[in-house]
Amino acid sequence: MQNKRNAFKHAIAAGTRQIGLWSSLCSNIGAEIIAESGFDWILFDTEHSPNEVPGLVAQLQAAQSGTATPIVRPAWNDPVIIKRILDIGAQTILVPFVETAEEAAKAVAATRYPPEGIRGTSGSSRAARYGRVKDYLKIANREICVLVQVETAGALERLEEIAAVPGVDGVFIGPSDLAASLGHVGELNHPEVQMAIEDAMRRLTRLGKPPGILTASETDAQRYIEWGAVFIAVGSDVGLLARGADALARSFSALG
Ligand SMILES: O=C(O)C(=O)C[C@H](O)[C@@H](O)CO
C-alpha cells in the first residue's frame with residue numbers, strides 16, 4: 001500500500017488557493033458531511049474544542065470519503081500531542097501560538113522521524129495503515145505539512161524568521177488572538193488589526209510562504225484573498241449550525 005499523497009501540502013506550495021471549513025463540533029457525522037461538500041480542507045480543532053484523540057480518529061475516518069484534506073490543530077506546540085495526532089493519520093497540522101523561529105523549528109521536529117526530527121516511531125499506527133504502507137517510517141516525512149499560527153504582535157515582529165524555518169509549509173494568521181494581542185480583543189476588523197493582517201500577508205507573499213486565515217465573512221474572505229491568502233477557512237460547522245438554527249426558529253416564530 002502507498003503512503004497517501006498530501007494534496008493540500010502540494011497545492012499550497014504551488015500557490016493554489018485552498019478553501020476550507022473550521023470544525024469544532026467534534027462529530028464524525030459532521031466531518032463526513034463537510035468533507036463531502038466540496039471544501040479543499042477541514043480543520044479539526046482541539047485547541048478551542050473538546051476534541052480528543054479517540055473522537056478525532058472517528059472524524060478522520062469519516063472525512064476519508066470526501067475531497068477535504070483533514071488538518072488538525074493540536075491544543076499546543078507539544079511533541080507528544082503532535083505525535084498522537086500524526087499517528088492516527090493526520091498529515092497536516094496547524095500549530096497554535098508560534099512566536100519564534102525556535103518554536104516553529106520545535107513544531108517541525110515533532111512531525112519528522114529521525115534524523116530530521118524527534119517523532120516517536122510506530123510502523124503499526126493508523127497513519128502507516130496498520131503496517132501496510134511499506135517503509136512508512138522512511139517515507140512519512142515527505143507528506144507531512146506543518147502550518148504555524150502567528151497570532152501575537154511579537155510573532156509578527158519575527159514573521160520572516162518564523163516563515164523561513166525549514167519544514168514550515170504555511171503561516172496562518174489568527175485574527176482573534178492577534179486582535180487581542182494588539183489591544184483590540186474581539187475587534188477583528190479594527191483598522192489596526194486589519195493593517196497588521198494585510199502587512200503580514202503581503203510579507204509572507206513576498207517570501208513565497210502561503211498565508212492562511214479564518215473568517216466567517218465573505219467580504220473579509222475576498223479582501224484576504226486580494227491580500228494574498230492561499231488557504232482560507234470561510235466559516236465553521238458550529239457557526240453554520242447555530243446561525244442556521246437561529247434563522248429557522250425566527251422565521252417560524254414570526255408566523256405567530
Ligand atoms: O486567533 C484566531 O482567530 C484563531 O486562532 C482562530 C480561532 O481560534 C478559532 O477558534 C475561531 O475563533
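With an unreviewed UniProt entry as reference, the chain is termed 2,4-dihydroxyhept-2-enedioate aldolase, source organism Tepidamorphus gemmatus. The chain has a UniProt comment under Sequence similarities (unreviewed entry) that states "Belongs to the HpcH/HpaI aldolase family." According to UniProt, the comment filed for the chain under the heading Catalytic activity (unreviewed entry) is "D-glyceraldehyde + pyruvate = 2-dehydro-3-deoxy-L-galactonate".

Asker: I would appreciate a short explanation of the pattern of salt bridges in the present structure.
Answerer: Where charged atoms from two side chains of opposite charge come close, those side chains can pair. All chains considered together, the criterion is met by eleven salt bridges. Here Arg202 ties to Glu198 by a salt bridge, and the two come within 2.9 Å at their closest N and O atoms. Within this pair, Arg202 and its partner Glu198 are both found in helix α10 (residues 191-207), separated by four residues, close to a single helical turn. Residue Arg202 is classed as partly exposed on the basis of its relative accessible area, which comes to 35%. According to the relative accessible area criterion, Glu198 is partly exposed, its value standing at 25%. Ionic pairing is found between Arg223 and Asp220, a salt bridge with its closest N-O pair at 3.0 Å. Of this pair, Arg223 and Asp220 both sit in helix α11 (residues 218-227), three residues apart, which is roughly one turn of the helix.

Cut-offs and rules
Residues numbered from 1 in each chain as written. Predicted model: local features only at pLDDT ≥ 70, side-chain atom pairs only at ≥ 80, totals over all residues. Heavy atoms only, no water. UniProt positions renumbered as here; feature names shortened; annotations may be inferred. Salt bridge = Lys/Arg side-chain N within 4 Å of Asp/Glu carboxyl O. Helix = DSSP H or I, 4+ residues; strand = E, 2+ residues; numbered from the N terminus. Buried < 20%, exposed > 50% of the residue type's maximum accessible area, 1.4 Å probe, protein only.

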